[in-house]
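Structural overview
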Amino acid sequence: MWYKFFKIFIFRPLVRFGFRARIHGAENVPANGGAILVSNHIATMDPVIIPAMLPRKVTFPAKAELFDGSKNLGRAIVAWFLKAIGMVPMDRGGGRASAASLKAIFEVLDAGKVIGIFPEGTRSPDGRLYKGKTGMARMVLASGAPVLPVGLIGTQTVRGFLGIPWVRRPVVVVGEPLDFSDLKGRESETRTLRWVTEEVQAAIQCLTGQEYADVYATRVKYGDLKEKGSDEFLRPRPGGGPRPAASEG
């Protein structure tokens, strides 16, 4: 109930009429059934713009600590909001907590709903598309759900009237669903995980036209490439290798 309320009365009007957002390829969104929406990540408002423009509910896994509202009023409001709109906590610490997080995600897919993932793991530091992490591919191969590639363009925040942060005319491009169901059950194969991840990232690049850097964005934002940048890692596209052989183990 709260998801529909916030989408219909707050976020959709803000994004469609305030930001003047556009969507292309909405007909590619499956009318029903579980799916994994995979998108590039270039700005803070991305998790708001995507659900506001898509015809179906999108559930994004959020950091588990955001669901703990015990420390102050601000965090309590955030925790309530995430729970009210049906987001699921994602624990990345490993062990039983991470297993429970994945179970919650698969329950969403089994219920015929859409899970949203940003495989780059963080916002792009310079607008380029970066190497994807394989957690998304693991979900795809374990569930057999189709992948819905989404490209975001122009979602960066600018200074609007009276200095208020604003987004001007962002574009959401939805590609045709990708089917990896023939690889279901092969989530323990490292090469298969990487191949699926790169194929999905390549599909996103086709939608956005971004330059591709074959390195994790976290290295450029926080690590040893913070001053140097990612120029030496530029590639025409992610991956490009052959589909994993059926006998690969």
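Below: a short report on this structure. (Residues numbered from 1 in each chain as written. Predicted model: local features only at pLDDT ≥ 70, side-chain atom pairs only at ≥ 80, totals over all residues. Heavy atoms only, no water.)

Looking at the overall build of the protein
What counts, and what does not: The numbering of helices and of strands both runs from the N terminus, where a helix is a DSSP run of H or I of at least 4 residues and a strand a run of E of at least 2. We compute the radius of gyration from the C-alpha atoms alone; for a globule the expected value is 2.2 Å times N to the 0.38, where N is the number of residues. Between buried and exposed lies partly exposed: a residue is buried under 20% and exposed over 50% of the maximum accessible area for its type, with that area taken using a 1.4 Å probe on protein chains only.
Broken down by element type, the protein carries seven helices and 13 strands. Relative to the compact-globule value of 18 Å for 249 residues, the protein shows a C-alpha radius of gyration of 18 Å, a close match. Projected onto its principal axes, the C-alpha positions of the protein cover 55 × 40 × 40 Å. Relative to its 249 residues, the protein shows a buried fraction of 43%.

Here's the deal with the pattern of salt bridges
Our working definition: Salt bridges are counted wherever a side-chain nitrogen of Lys or Arg sits within 4 Å of a carboxyl oxygen of Asp or Glu.
The final tally for this structure, using the stated rule, is eight salt bridges. The shortest N-O distance in the salt bridge between R128 and E211 comes to 2.9 Å. In this pair, R128 is assigned in the loop between β6 (114–117) and β7 (129–130) and E211 in the loop between α6 (190–208) and β12 (212–213), connecting sequence segments 83 residues apart. A salt bridge links R186 to E189; its shortest N-O distance comes to 2.9 Å. Comparing R186 with E189, the two get one shared label, buried. One network of salt bridges, with partners in common, ties together R128, E211 and D231.

So, the pairing of strand β8 (residues 147–153)
To keep it simple, the criterion reads: Whether two strands pair depends on DSSP finding at least two bridges between them.
The buried fraction of β8 is high, at six of seven residues. Here four bridges tie strand β2 (residues 35–39) to β8, and the two strands are oriented parallel to one another. Within β8, the residue paired with S39 across the bridge is V150. Both β8 and strand β11 (residues 171–174) contribute to a ladder of four bridges, which runs antiparallel. If you follow L152 over to β11, its bridge partner there is V172.

Section: helix α3 (residues 73–84)
Rules: To estimate how far a helix should extend, the number of its residues minus one is multiplied by 1.5 Å. Side-chain atoms alone can form a polar contact between residues adjacent in sequence; in general such a contact is a pair of N or O atoms within 3.5 Å, and within protein one must be able to donate a hydrogen while the other accepts it.
In this model, α3 (twelve residues) spans 16 Å end to end at C-alpha, consistent with the 16 Å of a helix rising 1.5 Å per residue. Where α3 begins, the capping side chain belongs to N72, and its oxygen is found 3.1 Å from the backbone nitrogen of G74.

Quick word on the packing of helix α1 (residues 2–18) against helix α2 (residues 46–53)
For clarity, the cut-off: Fitted lines through C-alpha atoms give the axes, limited to the stretch in contact for helices. The angle between two N-to-C directions lies from 0 to 180 degrees. Angle categories: roughly parallel below 35 degrees, roughly antiparallel above 145, roughly perpendicular from 65 to 115, and oblique for all the rest. We call two residues in contact when some of their heavy atoms are within 4.5 Å. Charged means Asp, Glu, Lys or Arg here, nonpolar means Ala, Val, Leu, Ile, Met, Phe, Trp, Tyr, Cys or Pro, and polar covers whatever is left, Gly included.
Interaxial distance between α1 and α2 falls to 9 Å at its minimum, and their mutual angle equals 105 degrees. Taken together, the axis directions place α1 and α2 in an arrangement best described as roughly perpendicular. The residues of α2 that touch α1, namely those facing Y3, K7, F11, R12, V15 and R16, are V48, I49, P51, A52 and M53. Along the lines of polarity and charge, the residues of the contact of α1 with α2 split into eight nonpolar, no polar and three charged.

A closer look at the sheet that holds β7
Across the sheet, which stays open at both edges, the three strands sit in the order β7-β12-β13 with mixed pairing between neighbours. A single partner strand is all that each edge strand has here, and the edge strands are β7 and β13 (234–235). Here β7 pairs with β12 via two bridges, running parallel. Bridge pairing in β12 places Y130 opposite A213.

Brief notes about the pairing of β2
Counting buried positions along β2 yields five of five residues, so the element is predominantly enclosed. Of the two faces of β2, the one holding A35, L37 and S39 and the one holding I36 and V38 are both buried throughout. The sheet contact formed by β2 and β6 spans four bridges and is parallel. Opposite L37, over in β6, you have G116 as the bridge partner.

Observations regarding unusual backbone geometry
One non-glycine residue with positive phi stands out, namely R20, at about 60 degrees. Among the secondary structure elements, R20 is positioned in the loop between α1 and β1 (22–24). Among the residues examined, R20 registers a relative accessible area of 48% and is labelled partly exposed. A positive phi is found at R169, a non-glycine position, where the angle reads about 50 degrees. Relative to the elements of secondary structure, R169 occurs in the loop between β10 (165–166) and β11. Relative accessible area serves as the criterion here: at 48%, R169 is assigned to the partly exposed category.

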